[in-house]
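# Residue-level structure breakdown
What follows is each chain in one-letter form.
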Amino acid sequence: GGLAFDHAAIIAAALSALREEAKNYDAIFDFLPETFTLNALQKVQETIMNVSVLPANFRRMVSGYVEETAEYTHGEGHRPAKIYRRRRLG
């Protein structure tokens, strides 16, 4: 029964690599649609990195990686959230 262990090791290595990439946010955008709210971006990052970040800090951390669109979400029961997209670098 070495197979189960191998799978665990593979998953651990994959998660470790994903976390390494997620530090510069590249990998995080792969889990999101073209446009997204900062809340959605933060949830993905927190899930991958297994951390919890204050929204104000998160906003500051990602400001160089995202740009605002002119759009807002239209959901019932909560105020509209600004919609962002990934900033194209270079």
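Quick caveat: nothing in here was measured; it's all calculated off a predicted structure. (Residues numbered from 1 in each chain as written. Predicted model: local features only at pLDDT ≥ 70, side-chain atom pairs only at ≥ 80, totals over all residues. Heavy atoms only, no water.)

## A closer look at the side chain of threonine 37
For threonine 37, the location among the structural elements is in strand E1 (residues 35–37). Within the structure, the side chain of threonine 37 is placed 3.1 Å from the backbone nitrogen of alanine 40, a separation counted as a polar contact. Those residues within four positions of threonine 37 in sequence are excluded, and the remaining contacts are Thr73, Ala81 and Lys82. (Helix = DSSP H or I, 4+ residues; strand = E, 2+ residues; numbered from the N terminus. Polar contact = N/O pair within 3.5 Å; in protein donor to acceptor, adjacent residues only side chain to side chain. Contact = heavy atoms within 4.5 Å.)

## What about the pattern of salt bridges?
This model, assessed by the stated rule, comprises two salt bridges. Notably, a salt bridge pairs arginine 85 with glutamate 67, separated by 3.0 Å at the nearest N-O pair. Of this pair, arginine 85 sits in strand E3 (residues 82–86) while glutamate 67 is found in strand E2 (residues 66–72), placing the two residues 18 residues apart along the sequence. Accessibility expressed as a relative area gives 29% for glutamate 67, which makes it partly exposed. The partner of glutamate 68 in a salt bridge is lysine 82, with the nearest N and O atoms 3.4 Å apart. Of this pair, glutamate 68 sits in strand E2 while lysine 82 sits in strand E3, and the two are 14 residues apart along the sequence. What makes lysine 82 partly exposed here is its relative accessible area of 24%. (Salt bridge = Lys/Arg side-chain N within 4 Å of Asp/Glu carboxyl O. Buried < 20%, exposed > 50% of the residue type's maximum accessible area, 1.4 Å probe, protein only.)

## What about the packing of aromatic side chains?
All chains considered together, the criterion is met by one aromatic pair. Here phenylalanine 29 and phenylalanine 36 contribute two aromatic rings whose centre-to-centre distance is 5.7 Å and whose plane-to-plane angle is 50 degrees, an arrangement assigned as tilted. We classify phenylalanine 36 as buried; its relative accessible area is 4%. (Phe/Tyr/Trp six-rings, centres within 6.5 Å; stacked < 30°, edge-to-face > 60°.)

## Some words on the sheet that holds E2
The antiparallel open sheet is built from three strands, whose spatial order is E1-E3-E2. With one partner strand each, in any of the chains shown, E1 and E2 form the two edges of the open sheet. If you compare each strand with its neighbour and ignore which way they point, the axes differ by 45 degrees on average. Strand direction decides the pairing type here: E2 and E3, joined by four bridges, are antiparallel. Residue pairing in the sheet places valine 66 in a bridge with arginine 86 of E3. (Pairing = 2+ DSSP bridges. Axes fitted to C-alpha atoms, helices over the stretch in contact; angles between N-to-C directions.)

## As for the environment of valine 44
Note on placement: valine 44 falls in helix H3 (residues 38–49). In this view, valine 44 contacts Ile28, Phe31 and Leu32; residues no more than four positions away in its chain are not counted.

## Description of the nonpolar core
In terms of nonpolar packing, the biggest core is built from 16 residues, with Ile28, Phe36, Leu41, Val62 and Val66 touching the most fellow members. Per element, the largest residue contribution to this core is five residues, and it comes from H3. Ignoring sequence-local partners within four residues, the contact set of leucine 41 consists of Ile28, Phe29, Leu32, Phe36, Phe58, Val62 and Val66. (Core = buried A, V, L, I, M, F, W, Y, C linked by side-chain atoms within 4.5 Å.)

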